[in-house]
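Examining the three-dimensional arrangement
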Amino acid sequence: MVRLSTGSSPDTSSDASPSRPVSTPQQGSYDFRSRDPYWSKKWVDDKLFAADEGGDRADNEYVLDMFPYPSGSGLHVGHMAGYLGTDAYSRMRRMQGKNVLHPMGWDAFGLPAEQHAIKTGEHPSNAVAQASASFRAVMQRIGLSYDWDRELATTDPGYYKWTQWIFTKLYEKGLAYMEDSVVNWCPELGTVLSNEEVVNGVSERGGFPVERKPLKQWVLKITDYADRLLEDLNLVDWPDGVKEMQRNWIGRSEGLQMSFPIDGLKGEDGSDAKIDVYTTRPETLAGVTYVVLAPEHPLVQKITTAEQREAVRAYADQARNKQDMDRQREDQQKTGVFTGAYVKNPLTGENVQVWIGDYVLGHYGTGAVMGVPSADQRDKDFAAAYGLSVVDIFPHGVDEDPDAGVLQNSHFLTGMTAKEARTRIMDFAEEQGFGERKVNYKLRDWVFSRQRYWGEPFPIIHRPDGSIALVDESELPLLLPDMKDFNPIKGSNPQPVLSKAEDWVNLPNGGRRETNTMPNWAGSCWYYLRFIDPKNDQALADPEKLKQWLPVDLYVGGTEHAVLHLLYARFWHKVLYDVGAVPTKEPFQQLRNQGMILGEDGQKMSKSVGNVVPVDTVIDEHGVDVLRAAEMFLGPFEKTKPWSTKGMQGVKNWLDRTWTVFNKVDDTAEVDPATQGEVQLIIRGVTQDIEQFKFNTAISKLMILTNMLMKLPSIPRQLAEILCQLMAPIAPMMAEEVWNTILQNDYSVHRSEWPQYDETMAALKVVTMAVQVNGKLRGTLELDPQTARDQEVVSLQAQSLDSVRRAIGDADVARTIFVPSKVINFVTSKT
Ligand code: ANZ
């Protein structure tokens, strides 16, 4: 689901000496080259991060990353952004006494593995095994605290058995059906493409011609769940932007469906034949000066006059190959052709022309609209293009407020506000029988089949008589046949790759197996359930265990999944809820999106630009903790931000300094009350920051604590332990080393008890500091009073502001003027 990729990565277990004996005390600096691999391996071997089975729902916490799509080329720091956040959070929650479920797996069906297979001739399962092994190696090298015993791949037969089982439930509930639909078929690639993969009529990949072809496909009735998918957004704690995108995608609107009698054409029952339109603005009826049908509307043939036939056919032909998205683009020139037919406006009794135009979509509403050029911009453009008349029903035309605007030239609606008139005309239309209130959705049923090899086979048999049967549950999983040739079948008609596996397809009784496969979305729709009980072969998961863990408390991933993945997963979850397989209405309680990490140049990381920062390079040079802390220190978790070598250096200096601090621990030293108070504030601050995914400010506070301790002649053990524990989620390797080797505490710091703070402490005041470059104001920082007094931390935070980075540019900072709690000014010298 998430596209990550990696090359060969070093085997974490072999390149170091994990068995180095522990010695104390240590001086110099933290020996990350040998100690990082030691700890990461030990954590895995000891299953330190395994979630306990059972436990009360209240004590359990489920923290989930969107699982990646393993493929074959280099992992860079940007790929880790989300994982580092959930890891730090999970570590703190465990230390706070939570039983945390934090799993990882592989979304392994789909295009990348299949394409690798086509290129190399190697079976995709090998590519998947290799790629996931190398992903696992990198993740373990970084020490991500997953419960590796729960690792799964959507391509495991033991997993997709249940994907198929869920499909049988959908089918039994009448939510899966077959339909002839029109697809984007690329004869050269031998594959169906999504609308996004088609650009100007050719394939995005390769630039080959794409044709619209009919194909029998499986479709899931997600539209049956439209209202619940909409309403239950109120139950979840998600970013408003994501909820809004889901709402827009579902696109519920309330309007009027109304009939315009066709002049001179009789229906079968002898009454006037009619064109139905759907409108959300029925109050604009008096302003209708024409009606437009989608070019594919079934009535087009019937109503077109002999004179217009040729023009209409030519127009409809060229519209057929256009994408909906292009048809709806606002900057697109509106085009159309007159059909020669007229319809009667049911309010004014006037006849208006009927046109076809591709800005009207065939499968939304009724596939026909009433044209109101004085109220709607698209209609205005269309009327202007063809010289159609305009009736001014609003003083301000299309700019009129759609509720408060007062109507004119509108029969009995004149003088009413649009909102008032809307209700009146709907009532009137229903009384008179020319219209009825209707709710419409943008959401379409979900085309659920693909023609490629590397996907879940449908548990479906087509009997010789044409009827459809489910494969018996006892026969699941229905294994994907082991093929040697996964090449798509090129040619003018769409054919699934599986149709080549004749022995598998043809059954002794004359039946044929379904040869489409499921889309990549299928496996990612329910993996969070399987993590709860990954080895169960009796059920997709034990209902008791589901009760102990659902819903997922926190789900973290990229905004690219804001709509489809989350909508599809919610849909399946609701179906599973309806069949009694899951205990909650919604799958994911809280959602967070990580921001993208850009290259240092502010551009998206890419090989061709040459700005990629590979994970392995940073770790080889500086160790795991520097990578982790530097990445989290770049800025707010949700924000897109560039990588910063300067920032990394700052973080590295901080970690080096903490090492010095830990080496000054003195068991006899006492904590003075002033320091004690300050430390309380830091504990509270770090705890709250990590809870809220504000890792950058948590790190600032850890820097302050370090600086505070640096100033003490010797470090009381209690304070050293607090610093070590507070930094454990951020710099887990060194914290573990210090905890065990220097402080000689019981393994592991990550299972130790999180430091407590005094709840009654007064709320912190925020200090606003000015940030200047050469005396010019370039930004401000909102800081807590402690931070605002610390020159180094303020300096680092200030330099991570975009505006400040830009103002400094390539110059060096020659001098920094710092007035605590007030201002920081960077004076640059020309290089
Ligand atoms: C007249 C009108 C006047 C409209 C006005 C809007 C503003 P939603 O449901 O919110 O997207 N419409 C209806 N069916 C359509 C189709 N198949 N293709 C393209 N457009 C279509 O908005 C529904 C509105 O979108 C409808 O209301 C219709 O234009 C247009 F000042 O009717 B309206």
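Source: prediction; values computed, not measured. (Residues numbered from 1 in each chain as written. Predicted model: local features only at pLDDT ≥ 70, side-chain atom pairs only at ≥ 80, totals over all residues. Heavy atoms only, no water.)

Brief notes about the site of the ligand
Among the 19 residues in the neighbourhood of the ligand, the closest are listed as S253, T279, L361, Y364 and K442. Between the ligand and S253 there is a distance of 2.7 Å, counted from an oxygen atom to a side-chain nitrogen or oxygen. A distance of 2.4 Å separates an oxygen atom of the ligand from a polar side-chain atom of Y364. Notes on the ligand: free accessible area 640 Å², of which the protein chains cover 87%. (Near = heavy atom within 4 Å. Polar contact = N/O pair within 3.5 Å; in protein donor to acceptor, adjacent residues only side chain to side chain. Areas by Shrake-Rupley, 256 points an atom, 1.4 Å probe, with all protein chains shown as cover.)

Some words on the nonpolar core
Across soluble globular proteins, nonpolar side chains show a tendency to be buried alongside one another. Ranked by size, the top nonpolar core spans 175 residues in total, and within it I142, F571, W572 and W643 carry the most contacts. Among the nonpolar cores identified, the runner-up in size contains 39 residues, and F260, I275, L285 and I393 belong to it. (Core = buried A, V, L, I, M, F, W, Y, C linked by side-chain atoms within 4.5 Å. Buried < 20%, exposed > 50% of the residue type's maximum accessible area, 1.4 Å probe, protein only.)

Overview of the packing of helix α7 (residues 240–250) against helix α17 (residues 564–578)
Two numbers describe a pair of packed helices, the interaxial angle and the distance between the axes. Running from amino to carboxyl end, α7 crosses α17 at an angle of 75°, the nearest separation of the two axes being 10 Å. In terms of their interaxial angle, α7 and α17 are classed as roughly perpendicular. On the side of α7, the interface is formed by V242, Q246, W249 and I250, while α17 contributes L564, L566, L567 and R570. Residue classes in the contact of α7 with α17 are distributed as six nonpolar, one polar and one charged. (Axes fitted to C-alpha atoms, helices over the stretch in contact; angles between N-to-C directions. Helix = DSSP H or I, 4+ residues; strand = E, 2+ residues; numbered from the N terminus. Parallel < 35°, antiparallel > 145°, perpendicular 65-115°, else oblique. Contact = heavy atoms within 4.5 Å. Nonpolar A, V, L, I, M, F, W, Y, C, P; charged D, E, K, R; others polar.)

Observations regarding the pattern of salt bridges
A complete count under the given rule lists 44 salt bridges for this structure. In this structure, the salt-bridge partner of E283 is R281, at a minimum N-O distance of 2.6 Å. Judged by relative accessible area, R281 falls into the partly exposed class, the value being 21%. Note that E283 and R422 form a salt bridge whose closest N and O atoms lie 3.0 Å from each other. A residue pair is termed long-range when its members are at least 10 positions apart, and E283 in the loop between β13 (272–279) and β14 (290–293) and R422 in helix α12 (residues 418–432) qualify at 139 residues. The same class applies to E283 as to R422, namely buried. Several salt bridges converge on common partners, so that one network encompasses E53, D147, R150, D533 and K545. (Salt bridge = Lys/Arg side-chain N within 4 Å of Asp/Glu carboxyl O.)

Some remarks on the confidence of the model for the chain
The predicted model of the chain averages 92 in pLDDT, with 95% of residues at 70 or higher. Per-residue pLDDT stays below 50 along residues 5–24; that stretch engages in 52 contacts with residues further than four places along the chain or on separate chains. (pLDDT = per-residue confidence, 0-100.)

A word on the sheet that holds strand β4 (residues 99–101)
The strand order across the open sheet built from four strands is β4-β2-β23-β24, with neighbouring strands paired in parallel fashion. Pairing within the sheet leaves two strands with one partner each, and these edge strands are β4 and β24 (588–593). The sheet shows a mean angle of 20° between the axes of neighbouring strands, taken without regard to direction. Note: strand β2 (residues 60–65) against β4, three bridges, orientation parallel. Each residue of the ladder has a partner; that of Y62, found in β4, is L101. Helix α2 (residues 77–95) rests against β2, β4 and β23 (552–557) of the sheet, and its axis sits at about 170° to β2. (Pairing = 2+ DSSP bridges.)

A few points about the pairing of strand β11 (residues 211–220)
Of the strand pairs in this sheet, strand β7 (residues 176–186) and β11 are connected by ten bridges, and their pairing is antiparallel. The partner of W185 across the bridge, within β11, is E211. Strand direction decides the pairing type here: β11 and strand β19 (residues 446–447), joined by two bridges, are antiparallel. Its bridge partner being in β19, L220 is matched across the sheet by W446.

So, the pairing of β24
Regular strands have side chains that alternate between both faces of the sheet. Note: β23 against β24, five bridges, orientation parallel. Along β24, the bridge assignment pairs L554 with Q590.

Regarding α2
Here α2 is 19 residues long and its end C-alpha atoms lie 26 Å apart, about the 27 Å a rise of 1.5 Å per residue gives. Taking the largest bend as the criterion, α2 deviates by roughly 30°, centred on Y83. When you tally the buried positions in α2, you get 19 out of 19 residues, the bulk of the element. At the exit of α2 stands G97, carrying a positive phi of roughly 100°. (Expected span 1.5 Å × (residues − 1). Bend = angle between axes of the 7 residues up to and from the residue.)

Digging into helix α20 (residues 645–662)
In this model α20 runs 26 Å from its N-terminal to its C-terminal C-alpha over 18 residues, within 8% of the 26 Å that 1.5 Å per residue would give. Within α20 the residues assigned to the buried category are G647, M648, G650, V651, K652, W654, L655, R657, T658, W659, V661 and F662. Measuring from the side-chain oxygen of the N-cap residue of α20 to the backbone nitrogen of K646 gives 3.5 Å; that N-cap residue is S644.

Structural notes on the environment of R422
Relative accessible area serves as the criterion here: at 16%, R422 is assigned to the buried category. Through-space distance from the C-alpha of R422 to that of D180 is 38 Å; in sequence the pair is 242 residues apart. Contacts of R422, omitting those with residues within four sequence positions, involve T280, R281, P282, E283, P402 and D403.

Regarding the environment of D31
One can find D31 in the loop between β1 (2–3) and α1 (32–45). A sequence separation of 345 residues divides D31 from D376, and the C-alpha atoms of the two residues are 69 Å apart. There is a polar contact of 2.9 Å between the side chain of D31 and the side chain of S34.

Quick word on the sheet that holds strand β29 (residues 767–773)
In space, the four strands of this open sheet follow the order β30-β29-β32-β31, with mixed pairing throughout. Of all the strands in the sheet, just β30 (776–783) and β31 (812–819) have a single pairing partner and so form its edges. Ignoring strand direction, the axes of neighbouring strands in this sheet form an average angle of 20°. Examined bridge by bridge, β29 and strand β32 (residues 823–829) share four bridges and lie parallel to one another. Bridged to A770 within β32 is V823. Helix α26 (residues 791–799) rests against β29, β30, β31 and β32 of the sheet, and its axis sits at about 65° to β32.

Brief notes about the packing of aromatic side chains
In total, this model carries 45 aromatic pairs according to the counting rule given. Considering the side-chain rings of W39 and Y747, the 6.2 Å spacing of their centres and the 15° angle between planes classify their relative orientation as stacked. Of this pair, W39 sits in helix α1 while Y747 sits in the loop between α24 (732–742) and β29, and the two are 708 residues apart along the sequence. Accessibility expressed as a relative area gives 2% for W39, which makes it buried. For the ring pair W43 and F49, a centre distance of 5.7 Å and an interplane angle of 70° mean the geometry is edge-to-face. For the pair W43 and F49, a shared accessibility class is recorded, and that class is buried. A cation over a ring is seen here: K442 above Y364, with NZ or CZ 5.0 Å from the ring centre. (Phe/Tyr/Trp six-rings, centres within 6.5 Å; stacked < 30°, edge-to-face > 60°. Lys NZ or Arg CZ within 6 Å of the ring centre and 35° of its normal.)

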